[in-house]
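Next come the chains, spelled out residue by residue.
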Amino acid sequence: MSSKGDILEKIKQNQPSSISELPDLSALGMDTYENLDKYKAVLDSIGGAFVEVKDYDEVINYINNNYNAEKRKVTTLPELAEIAATNWANDDPHNLKDVELTIVKAHFGVAENAALWVTDELLGQRVSVFIAQYLAIVVNKKDLVPTMHQAYERIGNQEYGFGTFIAGPSKTADIEQSLVLGAHGARGLIVFIMD
Amino acid sequence: MAGKIIEHSKAAEIFNRDIKREEWHDETLWLVREKRDKAAFQIPEWELLRETASQIKNNVLSNIHQYLQDFEEQAKKNGIIVHWAADGAEHNKIVHSIMEKHGVKQIVKSKSMLTEECHLNEYLTEKGIDVIDSDLGERIVQLRNEAPSHIVLPAIHLKKEDVSETFHEHLGTEKGNIDAKYLTEAARLHLRNTFLTRKIALTGVNFAIAETGEFVVCTNEGNADMGVHLADVHIACMGFEKIIPQRKHLGVFLRLLARSATGQPITTYSSHFKKPGDGKEIHIVIVDNGRSTQLGREDFRNSLKCIRCGACMNTCPVYRRSGGHSYHNAVAGPIGSILAPNLDMSKNADLPFASTLCGSCTNVCPVKIDIHQQLYKWRQLLVKEGYTPTTKTIAMKGMASVLANPVIFDFAGKTARFIMQKAPGLVSNSFNPWYKQREMPAPPEESFREWYKKNSRESKEKNNEQ
Amino acid sequence: MESLCAFPNKYLNMKVGLFVPCYVDQFYPQVAIATYELLQKLGCDVSFPMKQTCCGQPMANSGYEHLTSGCDANFIANFAEFDYIVSPSGSCTLHVKDHLHDEKNEQLAAQIRTRVFELTEFITDVLKIEKIEGNFPHRVGMHESCHGQRMLHLSQMSELNEPYFSKPGQLLSGIKGLDLVSLSRKDECCGFGGTFCVTEEAVSAKMGQDRVKDHEDQNVEYITGGDMSCLMHLEGILKRQKSPVKIIHLAEILNTI
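Keep in mind it's a predicted model, so treat the numbers as computed, not measured. (Residues numbered from 1 in each chain as written. Chains lettered and ligands numbered in written order. Predicted model: local features only at pLDDT ≥ 70, side-chain atom pairs only at ≥ 80, totals over all residues. Heavy atoms only, no water.)

1. Focus: the overall build of chain C
Stage number 1. Scanning chain C from terminus to terminus reveals 13 helices and eight strands.
Stage number 2. The C-alpha radius of gyration of chain C comes to 18 Å, within 12% of the 18 Å expected for a compact globule of 257 residues.
Stage number 3. On the principal axes, the C-alpha backbone points of chain C span a range of 50 × 50 × 40 Å.
Stage number 4. When each of the 257 residues of chain C is scored for burial, the buried share is 67%.
Stage number 5. Considering only contacts within chain C whose residues lie at least 6 apart along the sequence, 77% involve residues at least 24 apart.
Stage number 6. Surface exposure of chain C reaches about 9200 Å², of which carbon and sulfur atoms provide 52%.
Stage number 7. Side-chain charges in chain C split into 23 positive and 33 negative, and the spacing between the mean points of these groups amounts to 3 Å. (Helix = DSSP H or I, 4+ residues; strand = E, 2+ residues; numbered from the N terminus. Rg over C-alpha atoms; globule rule 2.2 N^0.38 Å. Buried < 20%, exposed > 50% of the residue type's maximum accessible area, 1.4 Å probe, protein only. Contact = heavy atoms within 4.5 Å. Areas by Shrake-Rupley, 256 points an atom, 1.4 Å probe, with all protein chains shown as cover. Lys, Arg positive; Asp, Glu negative; His and termini not counted. Charge placed at Lys NZ, Arg CZ, Asp CG, Glu CD.)

Here is the structure:
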């Protein structure tokens, strides 16, 4: 027995008698700055790290030099097949619990808050970017937009089952406002900003 | 946890007995207000953003009947199962029934103030369900058997020592180790196991989009995502006012939310849920619980615009000096004080008076709710409905007759000054609450009007004429 | 006095009614005297209707707005004849501007509401005087009373991302020797709040004590502001603490012209 009818009826009776207009959003998002510089500065301020790279070879080099070779790595990028597993998308997501590093690509990044937009198709498994101890995301320089308004223009009517903006590593300040990086998601985020 | 309600003024007095702790609480939250300011002042179009968000929410409230139906239609198309709950009790039953259907006795939750409002945890626990709150602040208060004191910073009233003690008792951490990193790591390991083993996960909803049937959950910790992506069933609970019309409106709200709440440009994760994963379920429970009544109150309808950022609490000089628990409501502070009387006037009649009407809250509200004006209007309504003490009403009626009559007023003033001069002890004593921590003003020889009679140009002219 | 008056006849046709808050009349007459003298020096034809009492705010803010019709009627009876009604109080002015009503003559009440001004906004917006050339060589902290600031917009609010302005500050900039300090919390409420000061005594007193401390940390000699209610509350605390800091109303500083 659903309360839907009752609730909707009550809402209909109680909502204001006329509909107020939706505002125009076109005057927003007008801040102008150098997207790349802004992106890097904000990412740094929120505990993330970045490396500017030319191509995937540089990414591979960086990972080899900075992450333990013994530890498990997964990726959805075929270009990185030599350093990370690529055939795990159909596994039980729980099996990813021992992953040290997940490497994915983002559709684009947002300069004002250093967020990166990823969806199902780029994640392999939805949990992949949360469950790993560390996270690396590749984004192209030309795919940096200034604000969230341009971000949603870019998303447009994109179809996805799941999508998320990721801005920096997971964090909490719940213990007496002391900021700690690495709550339940990734302890660290590195963004490869690619030419 | 439920018990006799302590009125705000009494709870605040108790809170102020430990003055060092009160000052720490006040200073800590003031810093959060300052962080908000810093973030807001970096956006030149900040005030335009607020105005835009306010107008979007005004539109939502005026068309919510349609938007909710649109949302349900779209969500269903995407495979989301939609439930409707008239009140907290029904909401709790629905959540429990989903669990029963799956034969599951354990649940992991991420932050949802709505479920606090409905007392879901108590209900499920009574039914033999093991509930774990995965937001670190919520987990801390859960282990301490306390309610969260702030909608965004649930454990803001606790010091490192308190957390250390709690974790030592429940998680086996080193006694006396108050290092935040150490304690967070312990929580990470403890809760990671929870995420990996629980089949049903519950989240709140920050925004639900009518246009597409998707909803957004924002966290810094990643606990909501860890819970739901590893579970088979995701239950999302929302008050029906969380609806927004179109996906692009998220651009406005996601720019405002974290900046207003904590001074961050955005939360670490802003997850958009549109379709369940293969073989999984997403349920959404749309809850009324008094909101439709509030919608019908013209003076208070705008309180439903709230996006639960907590900025009003951080700026409120009274909240900072009395703590969230003194508001005896899931949502405390200024916004809580205009929402709670709608839920229960008798229980919450004290809340709109726990304010000096300074108006700071209204200025920080990202959706421009006229909080201080609603506080004033609730006062009028509560008095009219008879929820203030009779003694106050008698005193006020007395005051009104003195103040309306110039002769009596003059006399009363003269008498007061006379008494204060000749018998100050009658006024300056422990029965006079003003006198507890303040001296009374010194009574002057003559009032202004007495001076004016003798010395004004007007009076002198009159005297010269005579 | 005449030689100091920069505007001898300019406003003489403008009849100004002085509206004095009830507690100022009875306990702080010097503030009303200063306001009266200041307005005269600025060239106004100002008088004080003797039968005025109170604006009704203490009752209205406590939820008893419906009992204030007597106060409203008395206000209208006393002030209807004036071109302008000026008060050295932001909160009393605000209350009248927002809440003055007369069932029998709502039009008149509405009209009167447009003529009511707080002292500093009257000087800057109506008399269009930019600053007051007075003399007060002291270190002073200014308390921003909430109603005047946030609701009458006498000065910019710290929460908003908007350009700074301050009507009282502007007037004070002409006062010789005045050393106006900067506070750590620019515009936090003092905690008076009407009946709040006794119904929530603990928080009210703490808020006042914190406000006083902010000023004392800046080594002020005086705390000033536009509302005697705030200052009365702060003075009560200062005296209890046996502090040498004194309170003084803006009108008294401006009246050194």
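2. Some remarks on the environment of A:Ala85
Residues and elements named next belong to chain A.
Stage number 1. Tracing the sequence through the fold places Ala85 in the loop between strand E2 (72-75) and strand E3 (99-105).
Stage number 2. On the accessibility criterion, Ala85 (29% relative accessible area) is partly exposed.
Stage number 3. Taking C-alpha positions, Ala85 is 6.2 Å from Lys73, a pair spaced twelve residues apart along the chain.
Stage number 4. In this structure, Ala85 is in contact with Lys73, Val74 and Thr75, ignoring residues within four places of it in sequence.

3. Side note on helix H2 (residues 35-45) of chain A
Stage number 1. Those residues of H2(A) that sit buried are A:Asn35, A:Leu36, A:Tyr39, A:Lys40, A:Val42 and A:Leu43.
Stage number 2. Two residues or fewer after H2(A) comes A:Gly47, characterised by a positive phi angle close to 90°.

4. A closer look at the pattern of salt bridges
Stage number 1. According to the stated counting rule, one finds 62 salt bridges over all chains in the structure shown.
Stage number 2. In this structure, A:Asp195 engages A:Lys141 in a salt bridge whose closest nitrogen and oxygen atoms are separated by 2.8 Å. Here A:Asp195 is found in the segment after strand E11 (188-194), whereas its partner A:Lys141 is found in the loop between strand E6 (134-140) and strand E7 (144-145), with 54 residues between them in sequence.
Stage number 3. Overall, A:Lys141 belongs to the partly exposed group, its relative accessible area being 27%.
Stage number 4. Across the salt bridge formed by B:Lys368 and B:Glu51, the nearest N and O atoms sit 2.7 Å from each other. You can see B:Lys368 sitting in the loop between helix H18 (360-364) and helix H19 (371-384) and its partner B:Glu51 sitting in helix H3 (residues 46-62), a full 317 residues away along the chain.
Stage number 5. What makes B:Lys368 partly exposed here is its relative accessible area of 30%.
Stage number 6. Classification of B:Glu51 as partly exposed rests on a relative accessible area of 29%.
Stage number 7. Because the salt bridges share partners, they merge into one network encompassing B:Lys20, B:Glu22, B:Glu23, B:Asp26, B:Glu27, B:Arg320, B:Arg321, C:Arg185, C:Glu188, C:Lys206 and C:Asp210. (Salt bridge = Lys/Arg side-chain N within 4 Å of Asp/Glu carboxyl O.)

5. Topic: the sheet that holds strand E7 (residues 233-239) of chain B
Residues and elements named next belong to chain B.
Stage number 1. Pairing within the open sheet is parallel, and its six strands lie in the order E1-E10-E7-E4-E2-E3. If you trace the sheet from one side to the other, it starts and ends with strand E1 (81-85) and strand E3 (130-133), each paired once. Strand after strand, the sheet turns through a mean of 20° between neighbouring axes, direction not considered. (Pairing = 2+ DSSP bridges. Axes fitted to C-alpha atoms, helices over the stretch in contact; angles between N-to-C directions.)

6. Some words on the domain arrangement of chain C
Residues and elements named next belong to chain C.
Stage number 1. Examined at the domain level, chain C breaks down into domain 1 (2-126) and domain 2 (139-254).
Stage number 2. Both faces combined, the contact of domain 1 with domain 2 buries some 1900 Å², and carbon together with sulfur accounts for 69% of it.
Stage number 3. It is Tyr28, Leu94 and Thr120 that lose the most area in domain 1 upon contact with domain 2, and together they represent 27% of the buried surface on that side.
Stage number 4. Here domain 1 is connected to domain 2 by one salt bridge.
Stage number 5. One salt bridge connects Asp125 with Lys167, and the closest N-O pair in it is separated by 2.7 Å. (Domains from an automatic or database assignment. Buried area = accessible area lost by both parts, 1.4 Å probe.)

7. As for the interface of chain B and chain C
Interfaces are often sized by the accessible area lost when the parts come together.
Stage number 1. Taken residue by residue, the interface counts 83 residues in chain B and 74 residues in chain C.
Stage number 2. Across the chain B/chain C interface, buried area totals approximately 6500 Å², and carbon plus sulfur atoms make up 59% of it.
Stage number 3. Broken down residue by residue, the surface that chain B buries against chain C is led by B:Gln437, B:Arg438 and B:Phe448, which jointly contribute 12%.
Stage number 4. Applying the counting rule to chain B against chain C returns 39 residue pairs in polar contact (both at pLDDT 80 or more). (Polar contact = N/O pair within 3.5 Å; in protein donor to acceptor, adjacent residues only side chain to side chain.)

8. Brief notes about the side chain of C:Glu235
Stage number 1. Here C:Glu235 is to be found in helix H12 (residues 228-240).
Stage number 2. Of the side chains with opposite charge, C:Lys239 comes closest to the buried, unpaired C:Glu235, at an N-O distance of 4.0 Å.

9. Here we look at the interface of chain A and chain B
Stage number 1. The interface of chain A with chain B comprises 73 residues on the first partner and 95 residues on the second.
Stage number 2. Taken together, both faces of the contact between chain A and chain B bury some 7000 Å²; the carbon and sulfur share is 58%.
Stage number 3. Between chain A and chain B we count six salt bridges in total.
Stage number 4. Listed by contribution, the elements that provide at least two residues to the side of chain A that touches chain B are helix H1 (4-14), strand E5 (115-119), helix H5 (128-131), helix H6 (148-155), strand E8 (162-166) and strand E9 (171-172) of chain A.
Stage number 5. Residue contributions to the side of chain A that touches chain B peak at seven residues, all from H1(A).
Stage number 6. Class assignment of the residues belonging to the side of chain A that touches chain B gives a composition of 34 nonpolar, 26 polar and 13 charged. (Nonpolar A, V, L, I, M, F, W, Y, C, P; charged D, E, K, R; others polar.)

10. Section: the state of the cysteines
Stage number 1. Applying the stated rule across the entire model yields zero disulfides over all chains.
Stage number 2. Here C:Cys189 is not cross-linked by a disulfide; its sulfur's nearest cysteine counterpart is in C:Cys146, at 3.8 Å. (Disulfide = S-S within 2.5 Å.)

11. Some words on the packing of H1(A) against helix H4 (residues 64-77) of chain B
Stage number 1. Put simply, H1(A) and H4(B) touch, their axes get as near as 8 Å, and they point 150° apart. By the angle between their axes, H1(A) is roughly antiparallel relative to H4(B). Only B:Ile64, B:His65, B:Leu68, B:Gln69 and B:Glu72 of H4(B) make contact with H1(A), whose side of the interface consists of A:Lys4, A:Leu8, A:Ile11 and A:Lys12.
Stage number 2. Of the residues belonging to the contact of H1(A) with H4(B), the class tally is four nonpolar, two polar and three charged. (Parallel < 35°, antiparallel > 145°, perpendicular 65-115°, else oblique.)

12. Focus: a nonpolar patch on the surface
Stage number 1. Side chains of B:Phe418, B:Ile419 and B:Leu426 sit close together on the surface and give an oily, nonpolar patch of about 300 Å² of accessible area.
Stage number 2. When you line up the elements, B:Leu426 lands in the loop between helix H21 (406-422) and helix H22 (448-455). (Patch = residues over 30% accessible without salt bridge, like charges linked within 9 Å, V, L, I, M, F, W, Y side chains within 5 Å.)

13. Quick look at the packing of helix H2 (residues 29-41) of chain C against helix H7 (residues 119-126) of chain C
All names here are of chain C.
Stage number 1. Close contact between H2 and H7 brings their axes to 12 Å; oriented N to C, the two are set at 10°. Taken together, the axis directions place H2 and H7 in an arrangement best described as roughly parallel. Of H7, the residues touching H2 (which contributes Thr35, Leu38 and Leu39) are Leu119, Phe122 and Ile123.
Stage number 2. In terms of residue class, the contact of H2 with H7 is built from five nonpolar, one polar and no charged.

14. Points about unusual backbone geometry
Stage number 1. Positive phi, close to 55°, is recorded for B:His119, a residue that is not glycine.
Stage number 2. The topology assignment puts B:His119 in the loop between helix H6 (113-117) and helix H7 (120-126).
Stage number 3. By relative accessible area, which is 48% here, B:His119 ends up partly exposed.
Stage number 4. The residue C:Lys242 is not glycine, and still its phi comes out positive at about 55°.
Stage number 5. Its location among the elements puts C:Lys242 in the loop between H12 and strand E8 (246-249).
Stage number 6. Exposure remark for C:Lys242: the relative accessible area of 73% places this residue in the exposed category.

15. Overview of the sheet that holds strand E4 (residues 116-118) of chain C
Sheet strands associate in pairs through backbone hydrogen bonding, adopting either a parallel or an antiparallel arrangement.
Residues and elements named next belong to chain C.
Stage number 1. On the basis of which strands lie adjacent, the open sheet formed by four strands has the order E2-E1-E3-E4 and parallel pairing. What marks the edges here is a single partner per strand, and that holds for strand E2 (45-47) and E4. Between one strand and the next, the sheet's axes are offset by a mean angle of 30°, whatever the strand orientation.
Stage number 2. Bridge count for strand E1 (residues 15-18) against E2 is three bridges, and the pairing is parallel. Across the sheet, Gly17 pairs through a bridge with Ser47, a residue of E2.

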